[in-house]
Amino acid sequence: PGETRWVLLLSINPGGPNGGSATQYFTGQFDGTTFTSDNPDSTALWLDHGTDNYAGVTWANLPEADSRRLFIGWMSNWDYANVVPTQSWRSAMTVPRQLTLASTPEGIRLVSQPVAELQKLRGEAATRQTIEIADKTALPLQTPAYELQFSTDLAQTSAGRLGLLLQNSQGETVKVYFDREENHFAIDRSQAGKTSFSEKFARVQTAPRISDSEQLQMHLLVDVASVELFADGGLTCMTAIFFPNEDFTNVSLFAEGGTFGADITAWPLQPATFSPVAAK
């Protein structure tokens, strides 16, 4: 608390934690000429472990009263960006994120959270309840665009894997889950629909859990062709795109190898609208 650090972002390709493009970060001190990292050269820290958050930028010239550090990334990967199966557009951007720093047992780490302004897109909460998940429990979300938060007490959990399952009527799926044995988060888009355009696209991507709390939190923003995960308050983040042949409108929480209790809140998301601003 009260400490100040500079954060250096480095967009690299190849070399990402799940292959191809990614953004590495370093915390440390900067005297105007030289940056000195807090960590040894062997420590690799990633702003986002997913395959689809690259070459991000931070905002400049925010109002003086707004001290936030805001970031937005390119939602793709040079492993396949030129061949994704789209026609009128070629990649989107991540949601804007607020970056902060947190102290962990491993040292100071970067935390990412969706900006508070995105809450204006929320519709009426579709569900707000505590339930026991065994196998698969459907959620009352009939839209492919929504925000979902759930938490569970790992000390009271017997499931080996737990998370979110997206499905459509064609049998296509995306899984976003936590694996207790491996202590990592994962996104499996291998059955997500169109994957044949690149042999590097369908792989399962993983991210280590940084938090050691028994309270596991998963916060997800899901759109028609993407998922953004902010786990444990944003200590671990993953972003992944996908290309189903039909929208994923069947949403469930699932458990493998046991059960877990979940405190859930979910909101359908309205489309963002933009108003032109006249030049001064």
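Residues numbered from 1 in each chain as written. Predicted model: local features only at pLDDT ≥ 70, side-chain atom pairs only at ≥ 80, totals over all residues. Heavy atoms only, no water.

Draft legend 1. Here's a closer look at the packing of aromatic side chains. Summed over all chains, the structure comprises twelve aromatic pairs. Between Phe197 and Phe201, the ring centres sit 4.8 Å apart and the planes meet at 50 degrees, which makes this aromatic pair tilted. Each member of the pair, Phe197 as well as Phe201, is classed as buried. Geometrically, the ring pair formed by Phe242 and Phe248 is edge-to-face, given 5.6 Å between the ring centres and 70 degrees between the ring planes. In terms of burial, Phe242 and Phe248 fall into one category: buried. Each member of the aromatic cluster is reached from another via a ring pair, and the members are Tyr80, Phe197, Phe201 and Phe243. Over the face of the ring belonging to Phe254 we find Lys175, whose NZ or CZ atom lies 5.1 Å from the ring centre. Above the face of the Phe201 ring, Arg189 is positioned so that its terminal group lies 3.7 Å from the ring centre. (Phe/Tyr/Trp six-rings, centres within 6.5 Å; stacked < 30°, edge-to-face > 60°. Buried < 20%, exposed > 50% of the residue type's maximum accessible area, 1.4 Å probe, protein only. Lys NZ or Arg CZ within 6 Å of the ring centre and 35° of its normal.)

Draft legend 2. Up close: the side chain of Asp48. Within the secondary structure, Asp48 sits in the loop between strand 4 (45-46) and strand 5 (54-58). A distance of 3.2 Å separates a polar atom in the side chain of Asp48 from a polar atom in the side chain of Asn53. At 3.0 Å, the side chain of Asp48 and the side chain of Arg97 are in polar contact. Not counting residues up to four positions away in its chain, the partners in contact with Asp48 are Thr23, Asn53, Arg97, Cys237, Met238 and Thr239. (Helix = DSSP H or I, 4+ residues; strand = E, 2+ residues; numbered from the N terminus. Polar contact = N/O pair within 3.5 Å; in protein donor to acceptor, adjacent residues only side chain to side chain. Contact = heavy atoms within 4.5 Å.)

Draft legend 3. Expanded view of the nonpolar core. The biggest cluster of nonpolar side chains holds 37 residues, and the ones touching the most others in it are Leu148, Phe150, Leu164, Leu220 and Leu253. The dominant element in this core, judged by the number of residues it contributes, is strand 19 (residues 250-268), at seven residues. With near-sequence residues (within four places) excluded, Leu220 lies in contact with Tyr146, Glu147, Leu148, Phe150, Leu164, Val176, Val227, Glu228 and Leu229. Counting nine residues, the second-largest nonpolar core is a separate cluster that includes Leu70, Val95, Val115 and Cys237. (Core = buried A, V, L, I, M, F, W, Y, C linked by side-chain atoms within 4.5 Å.)

Draft legend 4. Region of interest: unusual backbone geometry. With an omega of -5 degrees, the peptide bond running from Asn13 to Pro14 counts as cis. Among the structural elements, Pro14 can be located in the loop between strand 1 (6-12) and strand 2 (22-30). For Asn61, which is not a glycine, the phi torsion comes out positive at approximately 60 degrees. On the secondary structure map, Asn61 appears in the loop between strand 5 and strand 6 (69-75). When its relative accessible area of 79% is taken as the criterion, Asn61 is described as exposed. Even without a glycine there, the phi angle at Ser91 is positive, about 90 degrees.

Draft legend 5. Seen up close, the side chain of Thr51. The topology assignment puts Thr51 in the loop between strand 4 and strand 5. Given a relative accessible area of 1%, Thr51 falls into the buried group. In this structure the side chain of Thr51 is engaged in a polar contact, spanning 2.8 Å, whose partner is the side chain of Asp52. Sequence-distant contacts of Thr51, that is, excluding residues within four places in its chain, are made with Asn18, Ser21, Ser76, Asn77, Tyr80, Arg189, Arg203, Gln205 and Thr239.

Draft legend 6. Highlighting the pattern of salt bridges. Scanning the entire structure with this criterion turns up 13 salt bridges. Across the pair Asp79 and Lys200 runs a salt bridge, and its minimum N-O distance is 3.8 Å. In this pair, Asp79 is assigned in the loop between strand 6 and strand 7 (92-93) and Lys200 in the loop between strand 14 (184-188) and strand 15 (205-208), connecting sequence segments 121 residues apart. Judged by its relative accessible area of 22%, Asp79 is partly exposed. (Salt bridge = Lys/Arg side-chain N within 4 Å of Asp/Glu carboxyl O.)

Draft legend 7. Seen up close, the environment of Asn183. Within the secondary structure, Asn183 sits in the loop between strand 13 (173-179) and strand 14. Of the residues examined, Asn183 reaches a relative accessible area of 36% and is grouped as partly exposed. What Asn183 contacts, discounting residues up to four positions off in sequence, is Phe178, Pro208 and Arg209.

Draft legend 8. How the structure looks around the environment of Pro140. In this structure, Pro140 sits in the loop between strand 10 (127-138) and strand 11 (146-153). The spatial distance from the C-alpha of Pro140 to the C-alpha of Thr157 is 24 Å, given a sequence separation of 17 residues.

Draft legend 9. Here's a closer look at the pairing of strand 12 (residues 161-167). By the criterion of burial, strand 12 is predominantly enclosed, with five of the seven residues buried. Inspection of the sheet shows strand 12 paired to strand 13 by seven bridges, in the antiparallel sense. Bridging from a neighbouring strand, Leu166 pairs with Val174 of strand 13. Adjacent in sequence and paired antiparallel, strand 12 and strand 13 are bridged by five residues, among which Gly171 carries a positive phi angle near 85 degrees. The pairing of strand 12 with strand 19 spans seven bridges and is classified as antiparallel. Its bridge partner being in strand 19, Arg161 is matched across the sheet by Glu256. (Pairing = 2+ DSSP bridges.)

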